[in-house]
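Listed below are the residues making up each chain.
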Amino acid sequence: MQSKHRIFAEDLLLAAEGEDHFDRIPDSLMLLIFNKLADARSLGRCSAVSRRFNALVPLVDDACLRIDRVIPADDASSLGLGSGGPRGPRISHLLKSMLLAVLKPFAHCDARSGGGGIGKHSQMQQQQHHSPAQVLKNFSSIRNLRMELPVSDVGTDDGVLLRWKAVFGTTLQSCVILAGTKLDRGNTDNAPSSSTMAMASPDLGLGGEDDAGGSIPESFYTNGGLKLRVVWTISSLIAAATRHYLLREIVKEHPTLERVKLADAHGQGTLAMAREQIKEFREKPLAAAAAANRTQVPACNMKLRYAPVLELSDGTRIHGATLVVVKPVGAEAAVCGGRKELDDFVGDTFDGPFREAVAMLSKRRTYLLEMNGF
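Parameters at a glance
- Residues numbered from 1 in each chain as written.
- Predicted model: local features only at pLDDT ≥ 70, side-chain atom pairs only at ≥ 80, totals over all residues.
- Heavy atoms only, no water.
- Helix = DSSP H or I, 4+ residues; strand = E, 2+ residues; numbered from the N terminus.
- Buried < 20%, exposed > 50% of the residue type's maximum accessible area, 1.4 Å probe, protein only.
- Contact = heavy atoms within 4.5 Å.
- Areas by Shrake-Rupley, 256 points an atom, 1.4 Å probe, with all protein chains shown as cover.
- Core = buried A, V, L, I, M, F, W, Y, C linked by side-chain atoms within 4.5 Å.
- Phe/Tyr/Trp six-rings, centres within 6.5 Å; stacked < 30°, edge-to-face > 60°.
- Lys NZ or Arg CZ within 6 Å of the ring centre and 35° of its normal.
- UniProt positions renumbered as here; feature names shortened; annotations may be inferred.
- Pairing = 2+ DSSP bridges.

With that settled, consider the overall build of the protein. Looking only at helices and strands, the protein has 13 helices and 11 strands in total. The burial tally for the protein puts 44% of its 374 residues in the buried class. Looking at the protein alone, contacts between residues at least 24 apart form 75% of all its contacts between residues at least 6 apart. Carbon together with sulfur atoms contributes 52% to the accessible area of the protein, which is approximately 19000 Å² in total.

Counting 63 residues, the largest nonpolar core has Phe34, Leu172 and Leu247 as the members making the most contacts within it. Core analysis: the next-biggest nonpolar cluster, separate from the first, contains 16 residues, Val176, Ala321, Leu323 and Val325 among them.

Moving on to the packing of aromatic side chains. Overall, the coordinates contain one aromatic pair when judged by the stated rule. Residues Phe34 and Phe53 carry aromatic rings whose centres are separated by 5.4 Å and whose planes lie at 85 degrees to one another, so their mutual orientation is edge-to-face. Residue Phe34 is found in helix H2 (residues 27-37), and its partner Phe53 is found in helix H4 (residues 51-56); the two are separated by 19 residues along the sequence. Like Phe53, Phe34 is buried. The ring centre of Tyr245 lies 3.9 Å from the NZ or CZ of Arg248, which sits over that ring.

A word on the UniProt feature "domain: F-box" (unreviewed entry) in the protein. Feature annotation in UniProt places "domain: F-box" (unreviewed entry) on residues 22-57, given in this structure's numbering. Across residues 22-57 one finds 67% helix and 0% strand; the C-alpha atoms that close the span lie 14 Å apart.

So, on to the pairing of strand E10 (residues 317-328). The element E10 is extensively covered by neighbouring structure, given that 12 of its 12 residues are classed as buried. Two elements, strand E4 (residues 172-180) and E10, share five bridges in a ladder whose sense is antiparallel. Residue pairing for E10: Ala179 is matched across the bridge by Thr322. Pairing between strand E5 (residues 182-184) and E10: three bridges, direction antiparallel. The residue bridging Leu183 from the neighbouring strand is Ile318, located in E10. The pairing of strand E9 (residues 300-311) with E10 spans 11 bridges and is antiparallel. Counterpart to Lys303 in the pairing with E10 is Val325. Between E9 and E10, which follow one another and run antiparallel, lie five residues, and Gly315 among them has a positive phi close to 95 degrees.

So, in structure tokens, the structure goes:
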């Protein structure tokens, strides 16, 4: 074994000869390190270190882009978006969320180039922001891309549970929504809470399916409970369709992409696209909604399962627990299948206690709904 003094002497000799220690690391190992780093902005800074790093960084397989700039909500006044009511996800709040929490961060992605003086021109350069497509344009070999918004898309009251995951190709392929009117982390209330929100929604048809488990109480239809679930479903689908529309330029410019996830820092929703979905997205034209910068949501079948209260093994209690599984009308492996289809479809959607909640809700009676496209 070499002594520390001898190693130090060799280091001095190499430094005297002008050899960089990084030059002794193989390119394959450097790429492994960069792939572990993943963060697009950090990789951008690494590319400025040396010519070698500048040549290797664009070859990374994995990249993560966190969007951390949001335009203040006060700017929404110019868009004519009024304030909503005190309860539930509001349409005006939803539009604000889509325009401010999704579109604005994409238009003001904080990706600054290094260097520059203290002059006015340099300060203006530092304040300039770029879209994710611009930030990622120098990455030529990305296979796995994760993007993260700073806030969730759908506004809800404190204590309300709303989680969703949507899979898109050219259009929606499936969506799973887990929601509850109140989430308790302890055993503090035995009575399920209710909501009394009423709101216009796309035309719906409702029928039952004779699965084992409890039935939905009559009050669910009369006190606005069903309409609230419809609002949650529509809001989640609009949020997913807006994210999907914003990915079109990135998917087009990165032919090596095999997997994309677009999530938010609060963990409310995730849009996912795998290799087959990305291929379809490239090959088939995207149907945009007429009145918004989002993908059109097709007519859908939905399976709804409900429990007044779910008490999980860790003590968490979900009031008004609802599981909604959405599939386009006529889609393969239609949502009207049996319980095994449901279990296979949603089994890996959520982690932790929410996975347990899905398993418990899968034993409840199923109610079938139909929704027009929008």
